[in-house]
2 protein chains.
Amino acid sequence: MRLSRAFLPTLKETPAEAQIASHRLMLRAGLVRQTAAGIYAWLPAGLRVLRNVEQIVREEQDRAGAQEILMPTIQSAELWRASGRYEDYGKEMLRITDRHEREMLFGPTNEEVVTDIFKTYAKSYRDLPRNLYHIQWKFRDEVRPRFGVMRGREFLMKDAYSFDLDKAGAEHSYRQMFLAYLRTFQRMGLTAVPMRADTGPIGGDLSHEFIILAETGESGVFYDAAYESTDWAKADVSTDDVGGLKAFFERVTTNYAATDEMHDTAAWDQVPAERRREGRGIEVGHIFFFGTKYAAPLGLTLAGPDGTTVTPEMGSYGIGVSRLVGALIEANHDEAGIKWPDSVAPWAAAVLNLRVGDAGTDAMCESLYAALGDQAVYDDRNARAGEKFADADLMGFPWQAIVGPRGAAAGKVELKRRATGERAEVSPEDAIAKIRGG
Amino acid sequence: MRLSRAFLPTLKETPAEAQIASHRLMLRAGLVRQTAAGIYAWLPAGLRVLRNVEQIVREEQDRAGAQEILMPTIQSAELWRASGRYEDYGKEMLRITDRHEREMLFGPTNEEVVTDIFKTYAKSYRDLPRNLYHIQWKFRDEVRPRFGVMRGREFLMKDAYSFDLDKAGAEHSYRQMFLAYLRTFQRMGLTAVPMRADTGPIGGDLSHEFIILAETGESGVFYDAAYESTDWAKADVSTDDVGGLKAFFERVTTNYAATDEMHDTAAWDQVPAERRREGRGIEVGHIFFFGTKYAAPLGLTLAGPDGTTVTPEMGSYGIGVSRLVGALIEANHDEAGIKWPDSVAPWAAAVLNLRVGDAGTDAMCESLYAALGDQAVYDDRNARAGEKFADADLMGFPWQAIVGPRGAAAGKVELKRRATGERAEVSPEDAIAKIRGG
């Protein structure tokens, strides 16, 4: 993408309404623009990050055996009456009346709809277990939306729903998602700590929130440093290994972790002092086991293995995909702007041409840009070097390939790593290899 | 995907509500399930097709220089008041009141929102031309939704919006999309004929519908056979070549093509009789040039090149992405089921195991499935061969790799091409090579 032709606007001033770093930086770096209170349009750079986050979530869901579907945004009120949640949900639910005066709503979550879909097709225990997920826009009519996409009204969520024959099966499904979540967040460069949680309006028996650390987080958190040092991708356990996964889950959750709501000071005192971590956190995922809470009222029953009728045991598993974009910035920024982790960056590099019109500089930049293709943006604007440096820092590309007339003449590129500020003079070939290597 | 664990349900009976082939087959093949009138959930196979269609649309938009953004589904009524369309749109617009009694709506199209976004950032003629598109769910509250996803209420649309300095620039943008559309539909194996169209509620001066032929189409169509024989991918014209693209556009549109609404019998009589084609068609795309119809009332003005102020000339360009899935089936099916074109098929092949439990058959199937990976589904169910054949024909995988004990013993696979019914006994290696080759 050539910046001279791109729609990648940046703002010099910080919009007054933004109270936290991620909100400020998302507006200044041109990732999103608010179109109504708590509702955002995603501009090209923001959308690329959103899609990268979504793709990591998708890959880890698929890897754990979940299957992707896509449920609509608009739901009928009927199923919510059957589950008993239509009134409970209160004013956060965006209620809609269509032209035929039917009561509809913009889905805030999908337990009812997915249970009803599954009921159409699943006839016997041989159709279990299944885990269906989708990544779709949701709406919660927050009374006071704020913090940009962190607490917006229209937001993108991944929600998965598992169906099992019995409680033991459902617990295995729960642990599969538990492991998938640890891997998902780690691939984005985040330390997400699973904490026992209250089940809230979803209901149920067992629940964990996944919380990443950030000063602006909504909850206080207390956890054992063990969570920071584990590489979950290398966790020697398969999501298909029932016994191994159970042992893994028990081992991980032995380490203390709790939000202030669930904090247990007696247990906390047992954690060795040097391993105690306190701070504030942002919830980026939430998983629930709730048994037959939805299957029973919605009439989901199957033929059991022994001629009986069974009601499947269910769980649901959410990840705030659009919220993660904000959370990633909270965890990765400095005064100058965003520092995208390689795995989610909108482009791996910016090629900065410091003297547009100089033949040698233009030639080197064009050849770098041609080699990097869709991995790079090319700042070919007629603009001051200072403006190009500032925009590249603000937009947070992991690499900056800086080319001026002197470097070009010497066959050298100045390669800057945004996360650390390290700089090196390298050949164009080395620059390309480093950028491609992440 | 192993069918024994997959959520790929098929129905034996045709649901009573389905009047046309695509609707019947989408329900029977488990592509979608209706969740409310005119509102559908996409099940795994349907979602994969939808994503393939979406990706072809995206690639051709990118190739033509358009840039992807994502606007929200819920819009404020304010901008629609400013453009004068809030009242005009009538009952097809799903109107919503939020908890603070603000008037909102579920966007049926995005001219107002995109103009307002562009206005925030575009300051001068140097910010032109730009073409911004998104692929997002829309809602039109059809009084009588029918034909499944062909005329649903919640539907996925690609809509692009171009901004140019003057009318000549806007006409070039229009022609860029015209060529991109021809290429897009052709990549899906469809003959889409561009027809001069009425501009309807979008308004404007110039408009073409892109129509594919199908007996169940909503309009009668008349066109020159020249449209059937052209390979647009090979059209020797770049979307950046202003003069060449204009000449191309004029050459193509010289050939007669019109819906019954716009039909001109005098001009039709000039078409040589052997080149006259009549039939019914389905609209899958619609492009508009409408000048300053939205920019002017919404106050989008920029600094011109000579110190003046200019109001950009705009166009908008839609493709019905979810509708295309239905249209593709209308154009590609027989009595037994769907015949997916290779470019959009949910999976390239089904591996049919005719004797689950037979060691040789199982081994050959497993090795085919391992080699094909995500390109294949593996029918490993304990089911009769007849059921497997019927389901594979119904779901329309382009290839079926059929393995029974006799073939396995002889080292042979029966490879069936769904589109033609051709069958051949081949080695597993040849089967894999053919399936991978499309």
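Note that the structure is predicted; figures quoted are calculated from it, not measured.

About the thresholds
- Sequence order sets the numbering: in each chain, residues are counted from 1 along the sequence as written.
- The naming scheme follows written order: chains are lettered A onward, ligands numbered 1 onward.
- Local features in this predicted model are restricted to residues of pLDDT 70 or higher, and side-chain atom pairs are both shown and tallied only at a pLDDT of 80 or more, whereas totals for entire chains, interfaces and linings draw on every residue.
- Each side-chain value is derived from all of the structure's non-hydrogen atoms; neither hydrogens nor water enter the calculation.
- In this description a helix means any DSSP run of H or I spanning at least four residues, a strand means any run of E spanning at least two, and both kinds are numbered starting from the N terminus.
- The quantity called the radius of gyration is restricted to C-alpha atoms. Its globule counterpart is 2.2 Å times the number of residues to the power 0.38.
- Two residues qualify as a contact provided that any one of their heavy atoms is within 4.5 Å of a heavy atom in the partner residue.
- Values of accessible area rely on a 1.4 Å probe in the Shrake-Rupley scheme; residue burial ignores everything except the protein chains shown.
- For the purpose of counting charges, residues Lys and Arg are taken to be positive, whereas Asp and Glu are taken to be negative. His and the chain ends are not included.
- Here the site of a charge means NZ on Lys, CZ on Arg, CG on Asp, or CD on Glu.
- Strand pairing is assigned whenever DSSP detects at least two bridges linking the two strands.
- Just to be clear on terms, a salt bridge is a Lys or Arg side-chain nitrogen sitting within 4 Å of an Asp or Glu carboxyl oxygen.
- Any residue under 20% of the maximum accessible area for its type is buried, any over 50% is exposed, and the rest in between are partly exposed; the area is computed with a 1.4 Å probe on protein chains only.
- Where each domain starts and ends comes from a domain assignment, either automatic or drawn from a database.
- Summed over both partners, the accessible area (1.4 Å probe) lost when two parts come together is defined as the buried area.
- Distance and chemistry together define a polar contact, namely a pair of N or O atoms within 3.5 Å, with one atom able to donate a hydrogen and the other to accept it when in protein, and with adjacent residues in sequence counting only for side-chain atoms on both sides.
- Residues below a pLDDT of 70 in either copy are left out; the C-alpha atoms of the rest, at least 70 in both, set the least-squares superposition of the copies.
- Every axis in this analysis is a line fitted to C-alpha atoms, fitted for helices over the stretch in contact. Angles between the N-to-C directions lie between 0 and 180 degrees.
- By construction, the arc corresponds to the directions joining the helix axis to the C-beta atoms.
- To estimate how far a helix should reach, multiply one less than its number of residues by 1.5 Å.
- The pairing test for Phe, Tyr and Trp rings, Trp by its six-membered ring, is centres within 6.5 Å, and the orientation test on the planes gives stacked under 30 degrees, edge-to-face over 60, and tilted for anything in between.
- Charge over a ring is defined by NZ of Lys or CZ of Arg lying within 6 Å of the ring centre and within 35 degrees of the ring normal.
- By definition, turning the near helix anticlockwise from the far helix through less than a right angle yields a left-handed crossing, and turning it clockwise yields a right-handed one.
- Gly counts as polar in this scheme, as do all residues outside two lists: the nonpolar Ala, Val, Leu, Ile, Met, Phe, Trp, Tyr, Cys and Pro, and the charged Asp, Glu, Lys and Arg.

### Let's talk about the overall build of chain A
Secondary structure summary: chain A contains 13 helices and 23 strands in total. Relative to the globule expectation of 22 Å for 438 residues, the C-alpha radius of gyration of chain A, 24 Å, shows essentially globular dimensions. Projected onto its principal axes, the C-alpha coordinates of chain A cover approximately 80 × 60 × 40 Å. Long-range pairs, those at least 24 residues apart, make up 71% of the contacts in chain A between residues at least 6 apart in sequence. Carbon together with sulfur atoms contributes 46% to the accessible area of chain A, which is approximately 16700 Å² in total. Positive and negative charge centroids in chain A, built from 54 and 64 side chains respectively, lie 4 Å apart.

### Notes on the pairing of strand β23 (residues 423-426) of chain A
Pairing of strand β22 (residues 413-417) of chain A with β23(A), which is carried by 4 bridges, proceeds in the antiparallel orientation. The partner of A:V413 across the bridge, within β23(A), is A:V426.

### Looking at the environment of B:D269
Relative to the helices and strands, B:D269 resides in helix α8 (residues 265-270). The sequence separation of B:D269 and B:S322 amounts to 53 residues, and the corresponding C-alpha distance is 36 Å.

### Thoughts on the pattern of salt bridges
All names here are of chain A. Following the criterion strictly, the structure yields 62 salt bridges over all chains and no others. Residue D379 pairs with R381 through a salt bridge whose shortest N-O separation is 2.9 Å. On the basis of relative accessible area, D379 is assigned to the buried category, the value being 1%. Via salt bridges that share partners, R51, E54, R58 and E68 belong to a single interconnected network.

### A few points about the domain arrangement of chain A
A common way to state how big an interface is: give the accessible area lost once the parts meet. Residue and element names in this part refer to chain A. Structurally, chain A comprises domain 1 (21-337) and domain 2 (347-437). A C-alpha centroid distance of 39 Å is found between domain 1 and domain 2. In this assembly, 8 residues from domain 1 lie in contact with 6 residues from domain 2. Between domain 1 and domain 2 the total buried area reaches about 690 Å² when both faces are included, carbon and sulfur atoms providing 57% of it. Considering only the surface of domain 1 that becomes buried against domain 2, A29, R48 and A336 emerge as the three largest contributors, covering 59% of it. For the pair domain 1 and domain 2, the number of links is 2 salt bridges. D334 serves as the salt-bridge partner of R418, at 2.8 Å between the closest nitrogen and oxygen. Counting every contact that joins domain 1 to domain 2 gives 3 residue pairs in polar contact (both at pLDDT 80 or more).

### Observations regarding the relation of the copies chain A and chain B
Expressed as a screw operation, the relation of chain A to chain B combines 0.0 Å of axial shift with a rotation of 180°, fitting to an RMSD of 0.0 Å. Taken together, the rotation and translation relating the two chain copies correspond to the operation of a two-fold axis. Using C-alpha coordinates, one finds that chain A approaches the rotation axis most closely at A:I96, a distance of 2.9 Å. A shared interface surface links the copies, since 100% of the contact residues of chain A are contact residues in chain B too.

### Examining the sheet that holds strand β4 (residues 74-76) of chain A
Residue and element names in this part refer to chain A. One open sheet accounts for 3 strands, arranged β4-β6-β5; its pairing is antiparallel. The open sheet has two edge strands, β4 and β5 (94-97), and neither has a second partner. The mean angle between the axes of side-by-side strands here comes to 35°, regardless of whether they run parallel or antiparallel. Bridge analysis of β4 against strand β6 (residues 103-106) gives 3 bridges, and the strand direction is antiparallel. The partner of S76 across the bridge, within β6, is M104.

### What about the sheet that holds strand β6 (residues 103-106) of chain B?
Residue and element names in this part refer to chain B. Ordered by their spatial adjacency, 3 strands build an open sheet running β4-β6-β5, and the pairing between neighbours is antiparallel. Looking at which strands have only one partner, the edges of the open sheet turn out to be β4 (74-76) and β5 (94-97). Neighbouring strand axes in the sheet, compared pairwise and without regard to direction, differ in orientation by 35° on average.

### Topic: helix α13 (residues 428-437) of chain B
Residues and elements named next belong to chain B. For α13, every residue scored as buried is listed here: P428, A431, I432 and I435. Each buried residue of α13 sits inside an arc of 95° when the element is viewed along its axis, so together they form one side. Among the exposed residues of α13, those oriented more than 90 degrees off its buried face are E429 and G437. Those residues of α13 that are buried are in contact with β19 (349-353), α10 (359-372), β21 (399-403), β22 (413-417) and β23 (423-426).

### What about the environment of A:P108?
Residue and element names in this part refer to chain A. Within the secondary structure, P108 is located in the loop between β6 and α5 (111-121). For the pair P108 and E261, spaced 153 residues apart in sequence, the C-alpha separation works out to 24 Å. Beyond its immediate chain neighbours, meaning those up to four positions away, P108 contacts W80, Y89, M93, K138, F139, R140, F155 and M157.

### As for the side chain of A:R175
Residues and elements named next belong to chain A. Positionally, R175 belongs in helix α6 (residues 167-187). R175 sits in the buried class, given a relative accessible area of 8%. The contacts of R175, once residues within four sequence positions are left out, are L245, K246 and F249.

### Considerations on α10(B)
Helical geometry: 3.6 residues make up each α-helical turn, so side chains three or four residues apart lie on a common side. Residue and element names in this part refer to chain B. In this model α10 runs 20 Å from its N-terminal to its C-terminal C-alpha over 14 residues, within 8% of the 20 Å that 1.5 Å per residue would give. Buried residues of α10: T361, M364, C365, L368, Y369 and L372, and no others. Projected down its long axis, α10 carries its buried residues within an arc of 130°, all on one side. Exposed residues lying more than 90 degrees from the buried face of α10 are A359 and A370. Against β19, β20 (376-379), β21, α12 (405-410), β22 and α13 lie the buried residues of α10. Among the residues trailing α10, G373 stands out with phi positive, at a value near 55°.

### Here we look at the packing of aromatic side chains
Summed over all chains, the structure comprises 37 aromatic pairs over all chains. Summarising the aromatic geometry, the rings of B:F290 and B:Y294 are spaced 4.9 Å apart at their centres and angled 80° between planes, so their arrangement reads as edge-to-face. Judged on exposure class, the residue B:F290 and its partner B:Y294 are both buried. Three or more aromatic residues joined by ring pairs make a cluster, and in this case those are A:Y174, A:F178, A:Y181, A:F185, A:F210, A:F249 and A:Y317. Sitting above the plane of the A:W268 ring, A:R276 keeps its charged end 5.9 Å from the centroid. Sitting over the ring of B:W399, B:R417 keeps its end group 4.4 Å from the ring centre.

### Regarding the packing of helix α10 (residues 359-372) of chain A against helix α13 (residues 428-437) of chain A
Residue and element names in this part refer to chain A. Two elements in contact, α10 and α13, have axes separated by 11 Å at closest approach and are oriented at 35°. As for the relative orientation of α10 and α13, their crossing is right-handed in sense. Where α10 approaches α13, its residues M364, L368, A371 and L372 are matched on the opposing element by P428, A431, I432, I435 and R436. Split into classes, the residues belonging to the contact of α10 with α13 amount to 8 nonpolar, no polar and 1 charged.

### Some words on the pairing of strand β21 (residues 399-403) of chain A
Each regular strand shows side chains that alternate between the opposite faces of the sheet. All names here are of chain A. In terms of residue burial, β21 counts as a mostly covered element, since 5 of its 5 residues are buried. Judged from the 5 bridges that link them, strand β19 (residues 349-353) and β21 form a sheet pairing that is parallel. Note that in β21 the partner of A350 across the bridge is Q400. Here β21 runs beside β22; their pairing, made up of 4 bridges, is antiparallel. Within the sheet, the bridge partner assigned to Q400 lies in β22 and is K416.

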